[in-house]
Every structure is written in C-alpha cells, then in structure tokens.
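# Structural overview
The primary structure of each chain is shown beneath.
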Amino acid sequence: MSRVTLSRYLIEQTRNHDTPADLRFLVEVVARACKAISHAVSKGALGGVLGNAGTDNVQGEAQKKLDVISNEILLEANEWGGHLAAMASEEMEEAYQIPGRYPKGAYLLLFDPLDGSSNIDVNVSVGTIFSVLRCPEGTETPSEASFLQAGTEQVCAGYAIYGPQTMLVLTLGNGVKGFTLDREMGSFVLTHESMTVPESTKEFAINMSNQRHWETPVSRYVAEMQAGATGALGKDYNMRWIASMVADVHRILTRGGIFMYPRDAREPEKPGKLRLMYEANPMSLIIEQAGGAATNGHQRILDIQPESLHQRVAVFLGSKEEVERITSYHHHS
Ligand code: AHM
Ligand code: MG
C-alpha cells in the first residue's frame, strides 16, 4: 500500500472534509518548522545549542538556547505565507504582528515552541505544541483580545514530539492522526490512523514533589491510587512523570493514563503552572478528539473563557473515567 504523507492527508481532508486550503497550507508550514526544530534539537552538543540563552521569558523562566531558536524558526516559517493574521508564543509577552511587507490571512497561531525544555540538556523528549484560531472578522491589527477565544473555537491543534522518533500528532476536529518523520525522505508519514485514549487506566502522572501543596481532592485521589488493589479504587496503579507535557500526553494517547498539574498553594494567585492558550487548550482538544476528557477540576478546559494570553490553568486530562473521578472529587469537597 502506498504511504500517506502529511501533504496527501491534508489534500484529502480538503476534498472530503472541507478543510480550507489556507488552513492546509498553515499546517504544512508548521510541520516544516517542526522538522527544522527537530533537526536543531537532535544536534545537541554538536550544534552548540544546549544550555541557557541567558534571558528570561514573560513568565520569568530562564530561556534555553533551544527555546529561543525554536521560537525564531516558527516565526520565520509562518510570517510570510499570507495565511496568518498574527501569532502568539510562550516566549513572547505580546502578540507577534505579521510584518507589513507580507499579506495577512484569516488565522491566529499560538504555540509553545519547545515544551519541556528543562529536559533538553538531559536528552529526554521535548516537543512543540500549537493551536489555531480564526481571527475575528474585520480585525485590522489583531490585539491580545483577538486571541481570547475559548478552546472550543480551535480549528486545529497539534504537537510535535522530538523523541526516539519525531512525530506530529494532529487534529482538525475529526479524530487524531499521528505522523512519523521519515528522516531520509524528509516527510511526515501517517503511521497512527486513529489515536484513542482508553476509557479506564491504571497509570497516573503528577509531580509528587509538590504533594504538600495540593488541594484536598488531589491529595485524596492520589492517596486512593497509591492504596492499590485493596483501597477504594480496587486496583494497583503505576506512576510516570516525564516533566515534558508532550511526552506525558503522547504516552496517554498511546496506552491511556491521567495527567495532572493541579493548582498549587505555593502561588495561590496562579491556578496551576501550565498555560491555557498554547498548552492546555490544544492538548485538551487532542485528548477529547481521541475519546478522553480534560478539565481544570471544575469545568471542561475547552469551555474556559480566557482572560489573558499567558493565563495559567490547572490541568487534569486523559482517560475519561479517571478525569471524571477527580473532577467529581472537586465538586464534592
Ligand atoms: P515549559 O513550557 O516551560 O517547558 O513548562 C511546561 C512543562 C510541562 O511540559 C511539564 O508537564 C511541566 O512543565 C513540568 O513541570 P515540573 O518541572 O514542575 O514538574
Ligand atoms: Mg510548555
């Protein structure tokens, strides 16, 4: 059987599911940028790309060289094609306007250029997460407000994972497809036709070192999982924490599980560590499209009305049964 490349898949999407041609082009350009990031990441010490850039981003986090390089690659790849009205990134405080010398398009692109970057120097999987929204009609110069749309408005979401293999995982709103990068050919090839999250699981992911800062529902739930087969949940659980959301989510899309980054009492004014618009929303759309669920403990993440570009949110996502359980614990505490 002939191989289905990303390009062919996207053309067939246009033909059979009315995916607009400019959205198709947008995804191709993002995928091309991800190939370039994959190449830079894979060079490691040989490319002189490891270590800190010596700067902080808008969240006050030290930027790695590869955070900055990945951000540049995505901006440069996407600014000239005429498919975007503006971009927003974890690494930039304000929206990035398309330079006046290029035409503007109908979409807004948001991304975390290199998620899990604390893992770069130790050679563990990292990734790029992206989300696509429509630019509100009649917007001359998109402002922060143009981006503040609920996750349900996303027309496309995806991530690239740079691990033993580089993969692109994508949803255009009709299921989740996985493409593996064929490095010799330089193309993404459809290898995972329909990625689904099993409804129940025996695996959880959370940073246990923050246990003393958790709220009651999370403490109760994790204690029940740790109690094992003789406890309230009646089964033995396994735990994994990669500290790279793309890698944790990728595992959940492959064999199920629940991922949690709860609200944290250390910084009460910040509801969680992860960012709503370019981490939680795209991952939630992918997880829901794969049959899983995603909430902030109280409501569906995709229903949250964003209030700012870099807003943080508590995240519980993965196998439906477990996400429903931890959400119900929040409702009854
Ligand atoms: P980043 O976007 O700065 O890399 O931060 C997000 C990452 C996620 O990939 C991961 O789930 C989390 O931070 C790990 O946090 P911690 O180091 O607190 O375990
Ligand atoms: Mg991130």
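What you see is a predicted model; the values in this text were computed from it and never measured.

### A few points about the sheet that holds strand S12 (residues 238–239)
One open sheet holds the five strands; their spatial order is S12-S11-S13-S15-S14, and the pairing between them is mixed. Across the chains shown, the open sheet's two edge strands, defined by having one partner strand only, are S12 and strand S14 (293–295). Where strand S11 (residues 203–205) lies against strand S13 (residues 258–261), two bridges are found, and the strand directions are parallel. Among the inter-strand pairings, Ala205 is bridged to a residue of S13, identified as Phe259. Seen against the sheet, helix H7 (residues 276–289) touches S14 and strand S15 (315–318) and runs at an angle of roughly 25 degrees to S15.

### A short note on the site of ligand 1
Taken together, the neighbourhood of ligand 1 is formed by 13 residues, with Asp115, Gly116, Asn207, Ala243 and Met245 sitting nearest. The residue inventory of the shell around ligand 1, partitioned by class, reads three nonpolar, five polar and five charged.

### A closer look at the UniProt feature "domain: Fructose-1-6-bisphosphatase class I N-terminal" (unreviewed entry) in the protein
Within this numbering scheme, the UniProt entry marks residues 5–193 as carrying the feature "domain: Fructose-1-6-bisphosphatase class I N-terminal" (unreviewed entry). With 29% helix and 31% strand, residues 5–193 has its two end C-alpha atoms placed 12 Å apart.

### A short note on the pairing of strand S1 (residues 52–56)
Every other side chain in a regular strand lies on the same face of the sheet, so the side chains alternate between the two faces. Judged by how many residues are buried, S1 sits mostly at the surface: zero of five residues are covered. The antiparallel pairing of S1 with strand S2 (residues 62–64) creates a hairpin that spans five residues between the two strands, and Gly60 there sits at a positive phi of about 80 degrees.

### Things to note about unusual backbone geometry
Although it is not a glycine, Asn123 adopts a positive phi angle of roughly 60 degrees. With respect to the helices, strands and loops of the structure, Asn123 is situated in the loop between strand S5 (107–115) and strand S6 (126–134). Overall, the presence of 11 C-beta atoms within 10 Å leaves Asn123 in the exposed class. Here the phi dihedral of Ala243 falls at roughly 65 degrees; this positive angle occurs in a residue that is not glycine. Mapped onto the elements of the fold, Ala243 is located in the loop between S12 and helix H6 (245–255).

### Re helix H3 (residues 65–79)
Along its 15 residues, H3 runs 21 Å from first to last C-alpha, staying within 8% of the 21 Å computed at 1.5 Å per residue. Buried residues of H3: Lys65, Leu66, Asp67, Ser70, Asn71, Ile73, Leu74 and Asn78, and no others. Buried residues in H3 make contact with helix H2 (21–43), S1, S2, strand S3 (84–89), S5 and S6.

### So, the pairing of strand S8 (residues 166–171)
Of all six residues in S8, six are buried, a share of seventy percent or more. Burial along S8 is two-sided: the face carrying Thr166, Leu168 and Leu170 and the face carrying Met167, Val169 and Thr171 are both buried. Relative to S8, strand S7 (residues 156–162) runs antiparallel, the two being bridged by six bridges. Within S8, the position partnered with Tyr159 by the bridge is Val169. Here S7 folds back onto S8, and the loop between the two strands holds three residues. Linking S8 to strand S9 (residues 177–182), which pair antiparallel, is a turn of five residues; within it Gly173 sits at a positive phi near 95 degrees.

### Side note on the UniProt feature "binding site: Mg(2+) 1" (unreviewed entry) in the protein
Per the UniProt annotation, the sites labelled "binding site: Mg(2+) 1" (unreviewed entry) are Glu90, Asp112 and Leu114. Sequence-wise these annotated residues cover 25 residues; spatially they are packed, their C-alpha atoms never more than 9.0 Å apart. Considering the arrangement of structural elements, one finds Glu90 in the loop between S3 and strand S4 (96–97). For Glu90, the contacting residues outside a window of four places in its chain are Asn57, Asp112, Pro113, Arg275 and Tyr278. Owing to 32 C-beta atoms within 10 Å, Leu114 belongs among the buried residues under this scheme. Apart from the residues lying within four places of it in its own chain, the contact partners of Leu114 are Leu66, Asp67, Ser70, Val126 and Thr128.

### A look at helix H8 (residues 320–331)
With twelve residues, H8 extends 16 Å from end C-alpha to end C-alpha; this agrees with the ideal 16 Å at 1.5 Å per step. Along H8, the residues that are buried comprise Lys320, Glu322, Val323, Ile326 and His330. Looking at the buried side of H8, the elements it contacts are helix H5 (216–227), S13, S14 and S15.

### Examining the nonpolar core
Within the largest apolar cluster, 90 residues are counted, with the highest numbers of intra-cluster contacts made by Leu109, Leu168 and Val315. Counting residues per element, this core draws most heavily on H2, which supplies nine residues. Non-local contacts of Leu168, meaning those with residues more than four positions away in its chain, are made with Leu6, Ala31, Cys34, Gly158, Ala160, Phe179 and Phe188.

Conventions we followed
Residues numbered from 1 in each chain as written. Chains lettered and ligands numbered in written order. Predicted model: local features only at pLDDT ≥ 70, side-chain atom pairs only at ≥ 80, totals over all residues. Pairing = 2+ DSSP bridges. Helix = DSSP H or I, 4+ residues; strand = E, 2+ residues; numbered from the N terminus. Contact = placed C-beta atoms within 7 Å. Axes fitted to C-alpha atoms, helices over the stretch in contact; angles between N-to-C directions. Near = placed C-beta within 6 Å. Nonpolar A, V, L, I, M, F, W, Y, C, P; charged D, E, K, R; others polar. UniProt positions renumbered as here; feature names shortened; annotations may be inferred. Buried ≥ 20, exposed ≤ 12 C-beta atoms within 10 Å, placed from the backbone. Expected span 1.5 Å × (residues − 1). Core = buried A, V, L, I, M, F, W, Y, C linked by C-beta atoms within 7 Å.

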